[in-house]
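Listed here are the chains, written in short residue letters.
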Amino acid sequence: MEIIGQEIKITTITEQDMDFICKLECDASLWTYEESVETKEEDVKEKYRSHFPVEGETPYAYDFVIRRLNDVSDTPVGIVQMWSYVDFRKSWELGFAVLPDYSGKGYGSEATRLLLQFAFDELKAHKVVGMCNAENIRSAALMQHVGMTREAIFKEELWWQNKWTDQCFFSILDREFKK
């Protein structure tokens, strides 16, 4: 699957993307606000392969690689993903990461907007949520920039850098996105 925006496109992760995904997921410097970072490439591959569509089954997760439209080499610049949060409530959780060389250029925001459009139009989501470490100001800013509202702060939710840290909870409803 490919979803095209103005500056970027997001494409469903395939087997050919696994080296990039492993490099991204196992690079602790990219995940400084996470409680833990996977270090085993085989575990990363297994996780992403488990999200590959299976005929006759409704997917639990959707993973996309972010690529720039004007890049003839088609170099991946990040990922954007969504997984079922509470199925019977039609809610999904999103996540995103953009490589440092490409951050601050709007690629993450555009990819997240494309993912939200997909969630509300194709998946018929009622609500999409996102969470981040309260210290992760850029992640919080991106979610607010795409129209998500900070609904809550979960006090001391994450064990991060040997201390308890707050986690911000964001959301956007179908009707809010479509305004």
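To start, this report covers the structure provided alongside it. Note that the structure is a prediction, hence the values are computed from the model and not measured.

Rules used throughout
Per chain, the residues get numbers from 1 upward, laid out in the order the sequence is written. Two thresholds apply to this predicted model, a pLDDT of at least 70 for residue-level local features and 80 or more for giving and counting side-chain atom pairs, whereas whole-chain, interface and lining totals are computed over all residues. Here the side-chain values reflect all heavy atoms present in the structure, with hydrogen atoms and water set aside. Strands are runs of DSSP state E lasting at least two residues, helices are runs of H or I lasting at least four, and both sets are numbered from the N terminus onward. Atoms counted for the radius of gyration: C-alpha only. Globule rule: 2.2 Å times the number of residues to the power 0.38. Three labels apply to residues, based on accessible area from a 1.4 Å probe with only protein chains included: buried if under 20% of the type maximum, exposed if over 50%, partly exposed otherwise in between. Per-residue and other accessible areas follow the Shrake-Rupley method at a 1.4 Å probe size, with only the shown protein chains counted as cover for residues. Under this rule, positive means Lys or Arg and negative means Asp or Glu; His and the chain ends count for nothing. All charge positions are set by atom: Lys at NZ, Arg at CZ, Asp at CG, Glu at CD. In this description, a nonpolar core means a group of buried Ala, Val, Leu, Ile, Met, Phe, Trp, Tyr and Cys residues linked to one another through side-chain atoms lying within 4.5 Å. Contacts: residue pairs with any heavy atoms within 4.5 Å of one another. Each C-beta atom gives one direction from the helix axis, and the arc is the one those directions make. Polar contacts, as used here, are pairs of N or O atoms within 3.5 Å; protein pairs need one atom able to donate a hydrogen and one able to accept it. Residues neighboring in sequence count only if both atoms are side-chain atoms. Strand pairing follows a simple DSSP-based rule, namely that at least 2 bridges must link the two strands. For helices, the fitted line uses only the C-alpha atoms of the stretch in contact; every axis is such a line through C-alpha atoms, and the angle between N-to-C directions lies from 0 to 180 degrees.

1. Digging into the overall build of the protein chain
Part 1: Scanning the protein chain from N- to C-terminus turns up five helices and eight strands.
Part 2: A compact globule built from 179 residues would reach a C-alpha radius of gyration of about 16 Å, and the protein chain, at 16 Å, matches this within 12%.
Part 3: Of all 179 residues assigned to the protein chain, the portion counted as buried reaches 46%.
Part 4: Entry remark: accessible area of the protein chain is about 10300 Å², with carbon and sulfur atoms responsible for 47%.
Part 5: If you average the places of the 21 positive and of the 32 negative side-chain charges in the protein chain, the two averages end up 6 Å apart.

2. Focus on the nonpolar core
Part 1: Formed by 47 residues in total, the largest nonpolar core has its most connected members in Ile10 and Val128.
Part 2: If you tally residues by element for this core, the top one is helix 3 (residues 107–121), at eight residues.
Part 3: What isoleucine 10 contacts, discounting residues up to four positions off in sequence, is Met1, Glu2, Ile3, Phe64, Val65, Ile66, Val80, Ala111, Leu114 and Leu115.

3. Regarding helix 4 (residues 137–145)
Part 1: Every buried residue belonging to helix 4 is among Ser139, Ala140, Leu142 and Met143, and all of these are buried. Viewed end-on, helix 4 has its buried residues packed into an arc of 160°, placing them on one side of the element. Facing away from the buried side of helix 4 by more than 90 degrees, the exposed set consists of Ile137, Arg138 and His145.
Part 2: Tucked inside the fold, the buried residues of helix 4 contact strand 5 (91–98), helix 3, strand 6 (127–133) and strand 8 (163–173).
Part 3: Following helix 4 by one or two positions, glycine 147 adopts a phi angle in the positive range, close to 105°.

4. Topic: the side chain of asparagine 136
Part 1: Note on placement: asparagine 136 falls in the loop between strand 6 and helix 4.
Part 2: Residue asparagine 136 is classed as buried on the basis of its relative accessible area of 15%.
Part 3: Here serine 139 takes part through its backbone nitrogen, which lies 3.1 Å from a polar atom of the side chain of asparagine 136.

5. With respect to the sheet that holds strand 8
Part 1: Pairing in this open sheet of eight strands is mixed, and the strands run 1-2-3-4-5-6-8-7 from one edge to the other. Sheet topology places strand 1 (2–4) and strand 7 (149–160) at the edges, where each strand pairs with a single neighbour. Strand after strand, the sheet turns through a mean of 25° between neighbouring axes, direction not considered.
Part 2: Relative to strand 8, strand 6 is paired through seven bridges, and the arrangement is antiparallel. Across the sheet, the residue bridging to valine 128 is isoleucine 172, located in strand 8.

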